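Remarks on the overall topology
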Amino acid sequence: MSGHSTSTPNGKAAGEASLDRLAATLAFDEPVSRVRLVSPMRAGALDKLGVRTIRDLLTHFPRRYIDMSRIADVARAPIGEMVTIAGTVHEIKLKKPKPKFSLVEIALTDQSGVLMITCFRQPWLMDQIEKGDRLAVSGKLEFNYGFKRMTNPFIEEVGDSFDEKTGRIIAVHPATEKITTAWMRRLVGNALDSCAGALDPLPIELRTKYRLPSRMSALSAIHFPTTMAEVGMARRRLVYEEVLMLELHLMMDEMQRSEGKPTTAHVTDGAHRRALEENLPFTLTDEQVSARDDILRVMESKQAANHMLLGDVGTGKTIVASFALAAVADTGTQAAMMAPTEVLARQYAEKLGPLLDAAGITWEVLTGSTGATEREAIIGRVAQGTVDVLFGTHALLEDDVRFADLTLAVIDEQQRFGVDQRASLLAKGQAPDALYMTATPIPRTLALALYGSLTLSYIKNRPLNAAGNETKVYSRTERGRAYDAALAALAEGHQVYVVCPLVGKPHPGSENERKAKRENDLEADDEYEYAVISIEDEADIEDDAKAAVREARFLQEKTFVDYKVDLLHGKMSGAEKQEAMERFRSGESQVLVATTVIEVGVDVPNATVMIIEDAERFGLSQLHQLRGRVGRGTEPGEVYLISGSKAPCALERLAAMEKTEDGFELASYDLSLRREGDILGNRQHGASVLKLVNVVRDGKIIEAAHADARAMLAEDAGLRSDRYRALGREVRLAFRGANEVKGG
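Residues numbered from 1 in each chain as written. Predicted model: local features only at pLDDT ≥ 70, side-chain atom pairs only at ≥ 80, totals over all residues. Heavy atoms only, no water.

Attention now moves to helix H11 (residues 317-331). Under the 1.5 Å per step criterion, the end-to-end length of H11 is 22 Å for 15 residues, consistent within 8% with the ideal 21 Å. Most of H11 sits inside the fold, with 14 of its 15 residues counted as buried. Taken from the residues just after H11, Gly332 is the one with a positive phi, measuring 80 degrees. (Helix = DSSP H or I, 4+ residues; strand = E, 2+ residues; numbered from the N terminus. Expected span 1.5 Å × (residues − 1). Buried < 20%, exposed > 50% of the residue type's maximum accessible area, 1.4 Å probe, protein only.)

What follows is the structure in structure tokens.
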């Protein structure tokens, strides 16, 4: 270091100021125990909240705010609304109406009257609140037994210095029994002090372009705002930073996949592709043509393609993907197309097989039920390179399945495969192009947030020859109308699906039982939030299978006595599922009672009616996928959603299914109903850093951050230049741990 330095306006040498800024920046990733007043006990309590570093504490954002600047007095406060009232504790009592049930009752007075506050099961308040204390309370105001009242409100001790005329904004952080919200604010304030003056990783031109405050100003404002407008400005800056860092991480991670490996620029207008187009029995829609051209454009590039095709149910994604397969055949290399179920994998063969044959493209199907002799012959031909396209399930991931030259991996319903499984298929080639497909309607902003490294194509409309369907919601007392409609369709020679998820009781103690209990509890609340019941627990799958068997037997004996009822559920073997589907497809059985295994890949044009029991247990997108199994032929489909819930919000959700067949519109509506922290659902691949982002509200910010990330990496792929070094360090640190960025 040089022996002399320049002074700054405050008298501190520039070199010393720079070192202070560096120390403050490095403090972000020190253990939270370094924060003043974080004792070992408090550090343990914070750890249970996922707060282990100072950065974690600073991004432990408030879940809501109490606006003390808009305080009502008791007399004028409107009944039935959320209000904030400040006053003095006149009396506090602990009552025990039952042996194991306690409540604290507080009489709070201001100059205009008395507010009675009831706090259930919070006896510790007797140790924290005394007569004469100044409190501010916020909650829903009610009137009964002669008094205005609040039940379990937010309570803040404001002290004698509180000015009711000016007030303040109080942030309410997620807390624990050992660390109150007041203590959490104190610790966050100390953490801000320890990082004061830290470097801002965002380049100054981006902050200027979007008029964003500095990082430390934004963190201070979001935790300790003086106005709600400050909260909005701070949130906008921090949301942009969250999304930008995630997009940079996803894009840099994808660039590393093909770094230093030979890539393939595919031939996209060869003889096989032209033959495929000539043999199509129909004309592609404009959306299908656009998606096909998008895919072929990225495949002919010298960079490894990473593309996602998002298509609503019945929009013809598989046909579009067939052109990518033809491009591989024209290039003289190989493609793998992996499906989550054997039913779907074999359907590829039935749908695409004849078209590929006509185009001179060789193909095989490999699944878990493929016989040993046949399997050995197939993997031998694949290894020799005489097979252009290999369709299959997870069986493609086996170590002995080797390709002569894999240059394209197509993964259908990609969200059903884990990150490692997708990577395992891609690893069977040098740097193959990746084409992901999904029928899950994902709005563009959510797709960018989850899959920022991918290029995207959408197909939203079904071909004109698809009849579509009509959806109706019935309560359980009206379910007979749905089964009457099913019988009428059967009499006309059509077929029927009956979906019966979790007809039986969830396995005691299982996650499903807890979710079901949670849903039942929530149904009584004003803020009903649906719980999607999964069948991931093995015991639950067993119960579900038994329930489906019982339901099929009941329907055969009592309802569809003149027709053949078949069964399809998750505990059946691949061969059993295939046999059941084949019987239904051929018309040997007319009614298929099934769990949600029919959601993907089942295509029976003669099936025109679907009845979904306990429909409130599904998300709207999943219901939309299910109903996409009917109305696929020339006859319109009828879908009946049977709701076992009487909760208004649950019925309102289902009613949205009656209003539109646009899966993306439904997905956006579904997202708008969820609480902010649930927007991204089960996050993966780093998306858990999105603590503030709401994909419905923040669409423009997500679009901007995605474009900015692409532009930055085009300019500086490693983010190592002086301009982006601080941001690059933050990205690597946030997603790969401190050990990988030392010296970065």
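There's more to say after this.
Residues at a pLDDT of 70 or more form 85% of the protein chain, whose mean pLDDT is 84. When mean pLDDT is taken per element in the protein chain, strand S11 (residues 334-338) scores highest with 97 and helix H17 (residues 511-523) scores lowest with 37. Note that residues 503-542 has pLDDT below 50 and, in this model, 78 contacts with residues that lie over four places away or in other chains. (pLDDT = per-residue confidence, 0-100. Contact = heavy atoms within 4.5 Å.)

Further remarks concern the environment of Ser220. On the secondary structure map, Ser220 appears in helix H7 (residues 215-223). Each C-alpha atom, one on Ser220 and one on Val188, is 9.2 Å from the other, the two residues being 32 residues apart in sequence. Ignoring anything within four residues of it in the chain, the contact list for Ser220 reads Leu192 and Pro225.

Now for a nonpolar patch on the surface. On the surface, Leu19, Leu22 and Leu26 cluster together to form a nonpolar patch covering roughly 250 Å² of accessible area. On the secondary structure map, Leu19 appears in helix H1 (residues 14-27). (Patch = residues over 30% accessible without salt bridge, like charges linked within 9 Å, V, L, I, M, F, W, Y side chains within 5 Å. Areas by Shrake-Rupley, 256 points an atom, 1.4 Å probe, with all protein chains shown as cover. Salt bridge = Lys/Arg side-chain N within 4 Å of Asp/Glu carboxyl O.)

Turning to the sheet that holds strand S19 (residues 565-568), a few remarks are in order. Strand order across the open sheet formed by six strands is S17-S22-S21-S18-S20-S19, with parallel pairing between neighbours. A strand with exactly one partner marks an edge of an open sheet, and here the two such strands are strand S17 (469-475) and S19. Taking each pair of neighbouring strands and ignoring which way they run, the sheet shows an average axis angle of 20 degrees. Direction of pairing for S17 relative to strand S22 (residues 637-643): parallel, over a ladder of seven bridges. By the bridge assignment, Glu470 is partnered in S22 with Glu638. Its contacts with the sheet place helix H16 (residues 479-491) against S17, strand S18 (495-499), strand S20 (591-594), strand S21 (607-612) and S22, and it is angled at close to 160 degrees to S21. Along the sheet, helix H21 (residues 648-659) contacts S17 and S22; its crossing angle with S17, the most-contacted strand, is approximately 155 degrees. (Pairing = 2+ DSSP bridges. Axes fitted to C-alpha atoms, helices over the stretch in contact; angles between N-to-C directions.)

Attention now goes to the nonpolar core. Residues Leu46, Leu57, Leu244 and Leu248 are the most contacted members of the largest nonpolar core, which totals 92 residues. Of all the elements, helix H8 (residues 228-257) adds the most residues to this core, at twelve residues. Discounting residues that sit within four places of it in the chain, Leu248 has contacts with Ala709, Met712, Leu713, Leu719, Leu727 and Val731. Core analysis: the second largest hydrophobic core is formed by 39 residues, Leu284, Ile295, Ala326 and Met337 among them. (Core = buried A, V, L, I, M, F, W, Y, C linked by side-chain atoms within 4.5 Å.)

Here we come to the packing of H11 against helix H12 (residues 342-358). Packed helix pairs are characterised by how far apart their axes lie and by the angle those axes make with each other. Interaxial distance between H11 and H12 falls to 11 Å at its minimum, and their mutual angle equals 50 degrees. In terms of their interaxial angle, H11 and H12 are classed as oblique. Remark: the crossing between H11 and H12 carries right-handed chirality. Along the contact surface, H11 presents Thr318, Ile319, Ser322 and Leu325, while H12 presents Tyr348, Leu352 and Leu355. (Parallel < 35°, antiparallel > 145°, perpendicular 65-115°, else oblique. Left-handed = near helix turned anticlockwise from the far one by under 90°.)

Our next topic: the pairing of strand S15 (residues 433-438). Most of S15 is tucked away, with six of its six residues classed as buried. What you see with S15 is no split at all: Asp433, Leu435 and Met437 on one side and Ala434, Tyr436 and Thr438 on the other are buried throughout. Here strand S10 (residues 306-311) runs beside S15; their pairing, made up of five bridges, is parallel. Residue Met308 lies in a different strand from S15, and its bridge partner there is Tyr436. The pairing of strand S14 (residues 406-412) with S15 spans five bridges and is parallel. The partner of Leu408 across the bridge, within S15, is Asp433.

Within the fold, Asp67 resides in strand S1 (residues 64-67). Separated by 104 residues in sequence, Asp67 and Ala171 have C-alpha atoms that sit 8.7 Å apart. Every residue in contact with Asp67, bar those within four places of it in the chain, is listed here: Thr84, Arg168, Ile169 and Met228.

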